[in-house]
Amino acid sequence: MLDLRFLRENPEIVKQNIRNKFQDSKLPLVDEVIALDEEKRKSQQEADALRANKNKVSKTIGMYMAKGMKAEAEAAKKQVAENSAALAALEAKETELEEKITKIMMIIPNIIDPSVPIGKDDSENVEVQRYGEPVVPDFDIPYHSEIMETFNGLDLDSARRVAGNGFYYLMGDIARLHSAVISYARDFMIDRGFTYCIPPYMIRSNVVTGVMSFAEMEAMMYKIEGEDLYLIGTSEHSMIGKFIDQIVEEKNLPYTLTSYSPCFRKEKGAHGIEERGVYRIHQFEKQEMVVVCKPEDSMMWFDKLWQNTVDLFRSLDIPVRTLECCSGDLADLKVKSVDVEAWSPRQKKYFEVGSCSNLGDAQARRLKIRVKGTDGKKYLAHTLNNTVVAPPRMLIAFLENNLNADGSVNVPVALRPYMGGKEKLIPKQ
RNA sequence: GGAGAAGUCGCCUAGUUGGUCGAGGGCGCACGAUUGGAAAUCGUGUAACCGGUAAAACGGUUCGAGAGUUCGAAUCUCUCCUUCUCCGCCA
């Protein structure tokens, strides 16, 4: 969400930004919102004047009553009553205009960083970095669910009976691997100075509407029946929600948090053939990082954040690349974003395992996350978030890249302490 | 889940027969005076948001949130949220 004042003063910048994102149909919204804003300010001024008058006259009524001047008091009451209809009309107009304005402001995209490559869609995303050899071994790599099954590690049939499609039982070594990855990722981030958090897994509706758009909410969030509660789709929801309406002290910045939570998603919409198994599911677990910082520091943190994910995958012997979202593929709220992709030797391509975003002050403006500077001045914080790991999807990359010809799976050194010291997992069948 | 009490400006607190209360006092904080420096003392200032202005002045909104009664609500009514105490129930 942009600052309305900024838009008012820089309509051309906002329009060019819309063009850069290939959303030309939104161009008329800029002038529309400027006109609405002018109208709103005008009616606010009128209404304020009426309210000021009402307040003044009401006070004189008190004085008259105290002195027992009944007739004068009644006359003043009549005077207020005369204005009340006009005031009510203006107030209705004010709220209506305000609603229209916010609705549009929610749709107008955030100004992208100058460094973001211009492009129409994800086909024009730009690779910024690549680590590790994308090896294709000389034996066939089975589909990830089949690899898991050789360890008796996955039971989708029972999951379907118990909860339906999109759920899973992880068993034995695979389940242990899942927990090991999460624990390792947690400690990895703690070692890098992040504060470990376990947030609420359910949040109220006002937090939901604060952290996401209505469309996102419909497509993602599970509602608890009979309660004003939703299951979180990512710990970002409760972690950012933590700061809603807060004024934080500048000396406490930056907040560098790493949170664990299960994530619940409806995943409404079409699923492709590559999304069988545990790639796209209704429930998964995620170690996340969230940063709330000063505006001037957000780009520095952005680079650090995605680098953390790259380093973690590297430490598990998984080749990765970083792909920058071009202007057209960048979500409206984001200033800049990269996807971290892991190598799939089976598909012979990279696939998304994490996404790192700098929201600038857009999220903070929506949620009123402010910083009180050491000079007493207040300003909006910048917010960022990034995936550390999200198994079981992450396990796909892990299993494919550490698989041996004999079906065994190497346990990278870093993970061994979390796997009872095992160097290798041996298939059960 | 049941019963009771309460939620005021960073913190503590005054304010309930509705009327100069957006709000008094204390602490804290900031600045200034005093001091060789500090403590203590004294003085001044100290909520957020919107509009307005070159900047001010000024106007509006907000006393947990929302709605209502009223010319007027921190004060009355309703709903919700939160906290505390007691009981119940659990991990």
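In this text, all values refer to a predicted model and were calculated from it rather than measured experimentally. (Residues numbered from 1 in each chain as written. Chains lettered and ligands numbered in written order. Predicted model: local features only at pLDDT ≥ 70, side-chain atom pairs only at ≥ 80, totals over all residues.)

A. Focus on the sheet that holds strand β14 (residues 370–372). Spatially, three strands are ordered β8-β14-β15 in an open sheet, and the strand pairing comes out mixed. Here the strands that pair on one side only, and so sit at the sheet edges, are β8 (247–249) and β15 (378–380). Looking at each pair of strands side by side, their axes are set apart by 35 degrees on average, direction ignored. Summarising the sheet, β14 and β15 pair through three bridges and their orientation is antiparallel. Bridge assignment links V371 to a residue of β15, and that residue is Y379. (Pairing = 2+ DSSP bridges. Helix = DSSP H or I, 4+ residues; strand = E, 2+ residues; numbered from the N terminus. Axes fitted to C-alpha atoms, helices over the stretch in contact; angles between N-to-C directions.)

B. Local environment of the domain arrangement of chain A. One can read the domain layout of chain A as domain 1 (4–107) and domain 2 (122–425). Its C-alpha centre places domain 1 at a distance of 43 Å from the equivalent point of domain 2. Each residue belonging to the side of domain 1 that touches domain 2 can be placed in one class, and the counts come to two nonpolar, one polar and one charged. (Domains from an automatic or database assignment. Nonpolar A, V, L, I, M, F, W, Y, C, P; charged D, E, K, R; others polar.)

C. Inspection of the sheet that holds strand β16 (residues 382–389) at higher detail. Strand order in the open sheet made by the eight strands is β1-β11-β12-β13-β16-β10-β9-β4, with mixed pairing throughout. Each edge of the sheet is formed by a strand with only one pairing partner; in this case those strands are β1 (126–131) and β4 (195–197). Pairs of neighbouring strands in the sheet enclose a mean axial angle of 25 degrees, with direction left out of account. Inspection of the sheet shows β1 paired to strand β11 (residues 320–324) by five bridges, in the antiparallel sense. For Y131, the partnering residue across the bridge sits in β11 and is V320. Contacts between helix α13 (residues 393–402) and the sheet are confined to β10 (283–293), β12 (336–344), β13 (349–358) and β16, with β12 contributing the most and set at about 40 degrees to the helix. (Contact = placed C-beta atoms within 7 Å.)

D. Region of interest: helix α2 (residues 11–20). Restricting attention to buried positions, one finds in α2 the residues V14, N17 and I18. The buried side chains of α2 occupy one side of the element, clustering within an arc of 100 degrees when seen end-on. Along its buried surface, α2 packs onto α1 (4–9) and α3 (27–67). One or two residues past the end of α2 sits F22, with phi positive at roughly 55 degrees. (Buried ≥ 20, exposed ≤ 12 C-beta atoms within 10 Å, placed from the backbone. Arc of directions from axis to C-beta.)

E. Spatial organisation of the packing of α2 against α3. The interhelical angle for the contact between α2 and α3, taken along N-to-C directions, is 155 degrees, at an axis separation of 9 Å. Judged on the interaxial angle alone, α3 and α2 are roughly antiparallel. For the pair α2 and α3, the sense of crossing is right-handed. Contacts from P11, V14, K15 and I18 in α2 reach L27, V30 and I34 in α3. (Parallel < 35°, antiparallel > 145°, perpendicular 65-115°, else oblique. Left-handed = near helix turned anticlockwise from the far one by under 90°.)

F. Region of interest: unusual backbone geometry. The step from L253 to P254 runs through a cis peptide bond, and the omega angle for that step is -5 degrees. For P254, the location among the structural elements is in the loop between β8 and β9 (255–264). Omega for the bond connecting P391 with P392 falls within 30 degrees of zero, at 5 degrees, which places this linkage in the cis form. Within the secondary structure, P392 is located in the loop between β16 and α13. Even without being glycine, N152 reaches a positive phi, approximately 50 degrees. Topologically, N152 is positioned in the loop between α5 (144–150) and β2 (154–155).

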